[in-house]
Amino acid sequence: MIAKNTLKRTVSEGLFEKSKTYFPGGVNSPVRAFKSVEGAPLFIKKGDGCHIWDEDDNKFIDFCCSWGPLILGHNHPNVYAKIVETLQNGSSFGAPTRLENELAELILSKNPFIDKIRFVSSGTEAVMSAIRLSRGYTKKNKVLKFEGCYHGHVDSMLVKAGSGLVTFGTSSTSEGIPQSYIDETLVVELNDIDALRKCIAEYGDEIACAIIEPIPANNGLLLQELTFLQELRKLCTENNILLFFDEVISGFRVAFSGAAELYGITPDIVTYGKIIGGGLPVGAYGARKEIMAHVSPDGGVYQAGTLSGNPVAMAAGIAQLTELAKPGFYEDQEERTKYFVNLVNAHAKSQGYNFELVTIGSIFWLSFDGKKHIRRAGEINPDMTGFRKIFLALLERGVYLGPSGYEVGFISIAHTKEILDQAAQAFCEALDEIY
Ligand SMILES: *Cc1c(COP(=O)(O)O)cnc(C)c1O
């Protein structure tokens, strides 16, 4: 049996009372608010390896990993050392540094899909800039997106956009978006080739880009059929539409060059974020030379950033990506993830629970829809009672997940088999308790 701590939450509760007076909902990003689970969010004091500690000194195995960036776990010694070393020379200059070259070289030398890259400070900023570039390059205005894919809080992308919105809203489209923006966004169901063909047949010569999470992981884990992605590639080529892979979550996660590498599909324009910054705020977009030639100051598509390519953030990215580039890194990640997922799934199956961990690479998602392959947002059972219960049962057993049933879990290199054995046991006991 895993020891159940009756979770002390007094300090977190006190901090939350305060934070509610400072920030909307008491948080600086909505999914942190524990709205769909229960109680005050845990205020985290520190992290090390695969563990985090909250302000009440509860210790957890962390499967949130800052929502994905921390593929090496918390405080990886090389990332830590590189950040500290770099910081000794100052934190920001607003002028080029060699660190930007180094990170770009590390990425571009291994990535066959893009010739040039531009660093920004978040995934949202990367998507916003790359959409502008798609429009500038194609001289077309509309953007095709897929229901349930999240592309950051870019105005025109907050239409049917995944976890944050479905977790809180009655609507999956944000308020505050002008109808004229919404009109430029076409939304098609995932994994639906007929709907895609129809949309492109009707609007093809108005569509600048088709943006997709090639591994949709912000609204459950909606693994697509390869044929669907291949058909999307083909239709984009035939209709002069840029195929836009938003790899903010999948980039450097399922393979060094993301889902494009894993699936062998070449996108025209790509965005990265999360892992790329080693835990500091970095995003990036990239494309072939002739597309990137349109970006200012070479071309007429404007995009800039006071803290873009920030040296400390670049240093963290360099240290992290250097580890990921080592042979066998992704095989090892996947092997340990499968090991964990199989332990939990075997137990759920033997007990006849309608529960399964769905997985790819080092990502997993808790599906309460049994064995069914869920490939579209609308197929997920919206009743999140099961998730709420298991989330709390896991917290009491020292396991922390992102607090929403639409979010995925992440495994880092710090999640050793020994730790994963412990976590799997906690999952099995939590399942026994709730079923
Ligand atoms: C997280 C995410 C974003 C937004 O990135 P931020 O850094 O949170 O702005 C965009 N697209 C995808 C696919 C993401 O997973």
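For clarity, every value in this text was computed on a predicted model and none was experimentally measured.

Engineer: Can you tell me about the domain arrangement of the protein chain, naming the residues and giving the values?
Structural biologist: Along its sequence, the protein chain is organised into domain 1 (10–75 + 327–434) and domain 2 (77–324). Each of domain 1 and domain 2 was reduced to a C-alpha centroid, and the two centroids are 25 Å apart. Taken together, the contacts link 32 residues of domain 1 with 38 residues of domain 2. Along the contact surface separating domain 1 from domain 2 lie zero salt bridges. Counting across the domain 1 and domain 2 interface gives ten residue pairs in polar contact (both at pLDDT 80 or more). Elements supplying a minimum of two residues to the side of domain 1 that touches domain 2: α12 (329–350), β11 (356–360) and β12 (363–367). Looking at side-chain class alone, the side of domain 1 that touches domain 2 contains 20 nonpolar, eight polar and four charged residues.

Engineer: Please provide a residue-by-residue account of the nonpolar core, values included.
Structural biologist: F63, F340, I390 and F427 are the most contacted members of the largest nonpolar core, which totals 115 residues. At nine residues, helix α14 (residues 417–434) tops the list of elements feeding residues into this core. Counting contributing residues, this core receives three or more from each of domain 1 (10–75 + 327–434) and domain 2 (77–324). Ignoring sequence-local partners within four residues, the contact set of F427 consists of F63, F340, V344, L357, F364, L366, I390, L394, V399 and L401. Within the second largest apolar cluster, 20 residues are counted, among which are A130, I131, C209 and I211.

Engineer: Break down empty space enclosed by the protein for me, with residues and values.
Structural biologist: Gaps left between atoms are located by rolling a probe of water-molecule size over the structure's atoms. Here the structure, examined in full by the defined rule, presents one cavity of 30 Å³ or more. In this model, the largest cavity occupies a volume close to 30 Å³. Along the walls of the largest cavity sit L366, F387, L401, G402, S404, E407, V408 and G409, which together make up its complete lining. Among the residues making up the lining of the largest cavity, the classes are represented as four nonpolar, three polar and one charged.

The rules behind these values
- Residues numbered from 1 in each chain as written.
- Predicted model: local features only at pLDDT ≥ 70, side-chain atom pairs only at ≥ 80, totals over all residues.
- Heavy atoms only, no water.
- Domains from an automatic or database assignment.
- Contact = heavy atoms within 4.5 Å.
- Salt bridge = Lys/Arg side-chain N within 4 Å of Asp/Glu carboxyl O.
- Polar contact = N/O pair within 3.5 Å; in protein donor to acceptor, adjacent residues only side chain to side chain.
- Helix = DSSP H or I, 4+ residues; strand = E, 2+ residues; numbered from the N terminus.
- Nonpolar A, V, L, I, M, F, W, Y, C, P; charged D, E, K, R; others polar.
- Core = buried A, V, L, I, M, F, W, Y, C linked by side-chain atoms within 4.5 Å.
- Buried < 20%, exposed > 50% of the residue type's maximum accessible area, 1.4 Å probe, protein only.
- 1 Å grid on protein atoms, 1.4 Å probe; cavity = no way out; pocket = protein on both sides within 12 Å on 5 of 7 lines; lining within 4 Å.
- Points joined across faces, edges and corners; volume = space filled by probe spheres on them.

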